[in-house]
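# Per-entry structural report
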There are 2 protein chains.
Amino acid sequence: MARSAAKTPAASADAGADTADAAAGKPERSGRLSAEDWAQAALDLIAEQGVAAVAVEPLARRLGVTKGSFYWHFPSREALLQAALERWENVEQEAVFGTLEQVPDPRERLRALFQMVAHEYQSHVIYSALLKALDHPAVQPVIDRVSKRRLDYLAASFRQAGLAREDALHRARLTYAAYVGFLQLNLQLHQARMPQEEFEAYVEHLAKTLVPA
Amino acid sequence: MARSAAKTPAASADAGADTADAAAGKPERSGRLSAEDWAQAALDLIAEQGVAAVAVEPLARRLGVTKGSFYWHFPSREALLQAALERWENVEQEAVFGTLEQVPDPRERLRALFQMVAHEYQSHVIYSALLKALDHPAVQPVIDRVSKRRLDYLAASFRQAGLAREDALHRARLTYAAYVGFLQLNLQLHQARMPQEEFEAYVEHLAKTLVPA
DNA sequence: ACCTGAACACCGTTCAAGT
DNA sequence: ACCTGAACACCGTTCAAGT
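Remember, it's a predicted structure, so these values are computed and weren't measured experimentally.

By size, the foremost hydrophobic cluster in this structure holds 122 residues, and its most contacted members are A:Ile46, A:Tyr127, A:Leu130, B:Ile46, B:Tyr127 and B:Leu130. With residues up to four places along the chain from it excluded, the contact list for B:Leu130 reads B:Ile46, B:Val51, B:Leu85, B:Trp88, B:Val139 and B:Ile143.

A few words now on the interface of chain B and chain A. Chain B puts 38 residues into the contact, and the matching count from chain A is 38 residues. Buried area between chain B and chain A, summed over both chains or domains, comes out near 3,100 Å², and the portion from carbon and sulfur atoms is 59%. Along the contact surface separating chain B from chain A lie two salt bridges. B:Arg173 serves as the salt-bridge partner of A:Glu198, at 2.8 Å between the closest nitrogen and oxygen. One can count 14 residue pairs in polar contact (both at pLDDT 80 or more) joining chain B with chain A. Elements supplying a minimum of two residues to the side of chain B that touches chain A: helix H7 (139-160), helix H8 (165-184) and helix H9 (196-210) of chain B. Counting residues per element, the side of chain B that touches chain A draws most heavily on H8(B), at 13 residues. Its residues assigned to classes, the side of chain B that touches chain A shows 19 nonpolar, 10 polar and nine charged.

Once that is clear, we can look at the packing of helix H5 (residues 106-119) of chain B against H7(B). Two numbers describe a pair of packed helices, the interaxial angle and the distance between the axes. Residue and element names in this part refer to chain B. Running from N to C, H5 and H7 cross one another at 140 degrees; their axes reach a closest spacing of 8 Å. Here H5 lies oblique to H7, going by the angle between them. Our pair here, H5 against H7, has a crossing hand that is left-handed. Facing Pro106, Arg109, Leu110 and Leu113 of H5, the residues of H7 in contact are Tyr153, Leu154, Ser157, Phe158 and Gln160.

Tallied over the entire structure, the rule returns 18 salt bridges over all chains. Of the charged contacts in the structure, one is a salt bridge between B:Arg149 and B:Glu92, with a shortest N-O distance of 3.7 Å. In this pair, B:Arg149 is assigned in helix H7 and B:Glu92 in helix H4 (residues 77-97), connecting sequence segments 57 residues apart. According to the relative accessible area criterion, B:Arg149 is partly exposed, its value standing at 33%. Here the residues in one salt-bridge network are A:Glu89, A:Glu92, A:Arg145, A:Arg149 and A:Arg150, joined through shared partners.

Around DNA strand C, a shell composed of 18 residues is seen, among which A:Tyr71, A:Arg77, B:Thr66, B:Trp72 and B:His73 lie nearest. Within the side chain of A:Glu57, one N or O atom sits 2.9 Å away from a phosphate oxygen of DNA strand C. The side chain of A:Lys67 places a nitrogen or oxygen atom 3.2 Å from a base oxygen of DNA strand C. If you list the elements that add at least two residues to the surface near DNA strand C, you get helix H2 (56-63) and helix H3 (67-73) of chain A together with helix H3 (67-73) of chain B. When residues of the surface near DNA strand C are assigned to their parent elements, the largest contribution, four residues, is made by H3(B).

Quick look at the UniProt feature "domain: HTH tetR-type" (unreviewed entry) in chain A now. Taken from the UniProt record, the annotation "domain: HTH tetR-type" (unreviewed entry) applies to residues 32-92 of chain A. End C-alpha atoms of residues 32-92 of chain A are separated by 28 Å, and the span's content is 75% helix alongside 0% strand.

On to the UniProt feature "DNA-binding region" (unreviewed entry) in chain A, then. Under the UniProt annotation, "DNA-binding region" (unreviewed entry) lies at residues 55-74 of chain A. Taken end to end, residues 55-74 of chain A is 75% helix and 0% strand, and its two terminal C-alpha atoms sit 13 Å from one another.

Taken together, 17 residues sit near DNA strand D, with A:Leu33, A:Thr66, A:Trp72, B:Tyr71 and B:Arg77 positioned nearest. Put simply, 64% of the atoms of DNA strand D that lie within 4 Å of the protein are in sugar or phosphate. A distance of 2.9 Å separates a phosphate oxygen of DNA strand D from a polar atom in the backbone of B:Val56. At a separation of 3.2 Å, a base oxygen of DNA strand D approaches a polar side-chain atom of B:Lys67. Of all elements in the fold, only H3 of chain A together with helix H2 (56-63) and H3 of chain B reach the threshold of two or more residues within the surface near DNA strand D. Here the surface near DNA strand D gets four residues from one element, more than from any other, and that element is H3(A). Looking at the surface near DNA strand D residue by residue, the class counts come to seven nonpolar, five polar and five charged.

Turning our attention to the packing of aromatic side chains. All names here are of chain B. In total, this model carries 16 aromatic pairs over all chains according to the counting rule given. Their ring planes at 45 degrees and their centres at 5.4 Å tell us that Tyr176 and Tyr179 sit as a pair that is tilted. With a gap of three residues between them, Tyr176 and Tyr179 both fall in helix H8, about one helical turn apart. With respect to burial, Tyr176 and Tyr179 carry one shared label: buried. With a centroid separation of 6.1 Å and 40 degrees between ring planes, the pair formed by Phe182 and Phe199 is classed as tilted. One end of the pair, Phe182, is in helix H8; the other, Phe199, is in helix H9, with 17 residues separating them in the sequence.

Quick notes on the rules
Residues numbered from 1 in each chain as written. Chains lettered and ligands numbered in written order. Predicted model: local features only at pLDDT ≥ 70, side-chain atom pairs only at ≥ 80, totals over all residues. Heavy atoms only, no water. Core = buried A, V, L, I, M, F, W, Y, C linked by side-chain atoms within 4.5 Å. Buried < 20%, exposed > 50% of the residue type's maximum accessible area, 1.4 Å probe, protein only. Contact = heavy atoms within 4.5 Å. Buried area = accessible area lost by both parts, 1.4 Å probe. Salt bridge = Lys/Arg side-chain N within 4 Å of Asp/Glu carboxyl O. Polar contact = N/O pair within 3.5 Å; in protein donor to acceptor, adjacent residues only side chain to side chain. Helix = DSSP H or I, 4+ residues; strand = E, 2+ residues; numbered from the N terminus. Nonpolar A, V, L, I, M, F, W, Y, C, P; charged D, E, K, R; others polar. Axes fitted to C-alpha atoms, helices over the stretch in contact; angles between N-to-C directions. Parallel < 35°, antiparallel > 145°, perpendicular 65-115°, else oblique. Left-handed = near helix turned anticlockwise from the far one by under 90°. Near = heavy atom within 4 Å. UniProt positions renumbered as here; feature names shortened; annotations may be inferred. Phe/Tyr/Trp six-rings, centres within 6.5 Å; stacked < 30°, edge-to-face > 60°.

Below is the structure:
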């Protein structure tokens, strides 16, 4: 569900004739396919069924072409995965951190971050799928890069919140590891693992324990 | 490397003639194979190369038989994975928590737990490999069970260390999530991600932040 | 009781040929 | 510029036949 294509750089230059990108849930592309179409289809599959589901033949079936045509766009399944992940990495940037620049007080900002991360389901779907597939060689470097960026942001915030340089870095590591472990253990809401009330209490505990007073 | 077979229930009853289980690194089994041999070989592979590497044909090659013979022992690759993971789950129990019963003071015990987890590389190898493969349907339930057990242990320890029932549960969640995220992000030592000194400081920060004073 | 060998299905990959 | 169709390799699975 939920096509995440929305804010894509869209068409590159020419491209045949895309008569208003359809109306149904499934894109139902009329003309021929571009590499971007394949990458987006792969991303959708990752969100829906995980990285392992990204297979050339099923994807081709889904797109209504033969698998042979895939190899005009990409040299391998691995290359498709990489393109899909790159696509995601580019979009991912603003998703969480962009909205936070508005909150001036660093402690408030950290609390807001906790709340946002806790209650914004959609933005973790792909990241969570990737975490469950670190097995795949294409995934690890992407997660590494994204994690590094977020960790730096967190460390800076803790620094601004008054922690010493070293402590800020450590606290950022702890906080981010807790986030990753949280996704990993499927403690999320919407996964029916925890009642709403207890979940809120947990988030409060996090803020109390991790955000400097 | 590192055959983890050491403390296996060993042979079931009869079994052909195992003339002292060899001396080389690779078991080099002479007679015919049992289901346990396949499961152990699968576990070894998981530790060395991850869950994805557990494939029937390569395993058969490694064991010096044809892949057809595998299906006398297991109905499917999935069943082999499950048997291997069950084997691990049984052995895993004592590994970390057994040694801790000796420390009486709960706060001291928690600190000792942090230190042990931080410096005992071997015991996380399989768990970490499984975390990277939650994609595979056989893996998730095992991780869920093991995690639940450890979480309960942690919660009890925090309770004994003086936290209120609710707080103890939340702190256990936070702590365990941090552990999982830590493995996930490859922050471990031996992975050359952090210099020794910084690593020790991080562990200290964890204890200071998470263990009640 | 355990293994071989041949068979088939499914998916990744290649490539000559089509439009 | 993009796609089809047939081919091959590799791995999962089945099964009749061997020891």
